[in-house]
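So the chains spell out like this:
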Amino acid sequence: MTDPIYKTLLQHKATGRKCFAVLIDPDKTGHLDALLRDCNTHQVDFIFIGGSLLTEGELAACIRKIKAQTHIPVLLFPGTVLQVNEEADGLLLLSVISGRNPDLLIGRHVAAAPLIRRSGLEVISTGYMLIESGQLTAATYMSNTIPIPRGKNEIAACTALAGEQLGLKMIYLEAGSGAEKPVTAKMIRAVRKAVNIPLIVGGGICTPEKVTENCESGADIIVVGNLFETHPEMLGEMAGAVHQFNHAAL
């Protein structure tokens, strides 16, 4: 069995190429057509799809629309087992290693394992680390865990290292959707120094300057989603910051 998406990520990391991902919540697809056109225009690398809670969105229909309008790889970013769908290209199998909720460390994974195997999806095991963001986020509430304090870089670094030693393939530093404060550059650098696996950073990233700072600090994939629900015109600027960083690094 091949793992083309993960192999591509490892190749990008080896060459220093950063990636930009757009996170889409299936409950919030009012401007999806325009967003997908912008994703194509501005050469977005990945589309993540999912959310902490789905109340109205039809996941399968959303994935089909994305696949019909773009060739960008679609990775499931599931909040629950119900968000597993074989029409995507891959699955970020999240284990919340920043918390001590056993259900999100392994419990739900046991229940979902047969479903995930039958789906045939490329599975990328990911250590999900919630970081304090200045306010209560949906991810924190739904996970019933306490985030890592935003100034405790050593705790974040050791947590990520433990995840790597346990065999996880990626680390995801997450301040939470709509976070008041994004993950700090110091924490990103500390985690990057501690681990060799690809590093994803998301939550509260609202400016091209913060995108560039995250790239410089060692993030391999920058994820932005909530911003585009209110400011879709910024997608070009945010993706452009990653492209400019990659061009300057050549």
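Details of the structure are given in the entry above.
No experiment lies behind these values; they were computed from the predicted model shown.

Chemist: Go over a nonpolar patch on the surface with me, naming the residues and quoting the values.
Modeler: On the surface, a cluster of nonpolar side chains totalling about 260 Å² of accessible area is made up of L105, I106 and V110. Residue I106 is classed as exposed on the basis of its relative accessible area, which comes to 51%.

Chemist: Outline the layout of surface pockets, listing residues and values.
Modeler: Of the volumes computed, that of the second largest pocket is approximately 220 Å³. Forming the walls of the second largest pocket are 15 residues, and the residues nearest its centre are K28, H31, L35, F228 and E229. Counting residues per element, the ones that place at least two in the lining of the second largest pocket are β1 (19–24), α2 (32–41) and α9 (227–230). Looking at side-chain class alone, the lining of the second largest pocket contains seven nonpolar, four polar and four charged residues.

Chemist: So what about the packing of helix α8 (residues 208–217) against helix α10 (residues 235–249)? Which residues, and what values?
Modeler: At a minimum axis distance of 8 Å, the contact between α8 and α10 shows a crossing angle of 35°. At the point where α8 passes α10, the crossing takes the right-handed sense. Contacts between α8 and α10 involve P208, V211, T212, C215 and E216 from the former and E237, M238, A241, V242 and F245 from the latter. Partitioned by chemical class, the residues of the contact of α8 with α10 number seven nonpolar, one polar and two charged.

Reading the values: rules and limits
- Each chain has its residues counted from 1, following the order in which its sequence is written.
- In view of the model being predicted, local features appear only for residues whose pLDDT reaches at least 70, and side-chain atom pairs are presented and counted only at 80 or more, with totals across whole chains, interfaces and linings using the full set of residues.
- Just so you know, side-chain values use all the structure's heavy atoms and leave hydrogens and water out.
- Nonpolar side chains (Val, Leu, Ile, Met, Phe, Trp, Tyr) within 5 Å and like charges within 9 Å form the patches, drawn only from residues with over 30% relative accessible area and no salt bridge.
- Computed by Shrake-Rupley with a 1.4 Å probe, the accessible areas treat only the displayed protein chains as cover when residues are assessed.
- Salt bridges are defined as contacts in which a side-chain nitrogen from Lys or Arg sits within 4 Å of a carboxyl oxygen from Asp or Glu.
- Buried, partly exposed and exposed residues are distinguished by accessible area as a fraction of the type maximum, computed with a 1.4 Å probe on protein chains only: under 20%, between the cut-offs, and over 50%, respectively.
- Grid points spaced at 1 Å and placed over the protein atoms alone form the basis of the search, with a cavity being a set where a 1.4 Å probe fits but cannot get out and a pocket an open set showing protein on both sides within 12 Å along at least five of seven lines. Lining residues have an atom within 4 Å of a point.
- Grid points are joined across faces, edges and corners, and a volume is the space filled by probe spheres set on the points.
- Where helices and strands are cited, they refer to DSSP runs of H or I of at least four residues and of E of at least two residues respectively, numbered from the N terminus.
- For this classification, the nonpolar set comprises Ala, Val, Leu, Ile, Met, Phe, Trp, Tyr, Cys and Pro, the charged set comprises Asp, Glu, Lys and Arg, and every other residue, Gly included, is treated as polar.
- Only the stretch in contact is used when fitting a helix axis, every axis being a line fitted to C-alpha atoms; angles between N-to-C directions are given from 0 to 180 degrees.
- By convention, the crossing between two helices is left-handed when the near helix turns anticlockwise from the far helix through less than a right angle, and right-handed when the turn is clockwise.
- It only takes one pair of heavy atoms within 4.5 Å for two residues to be counted as in contact.

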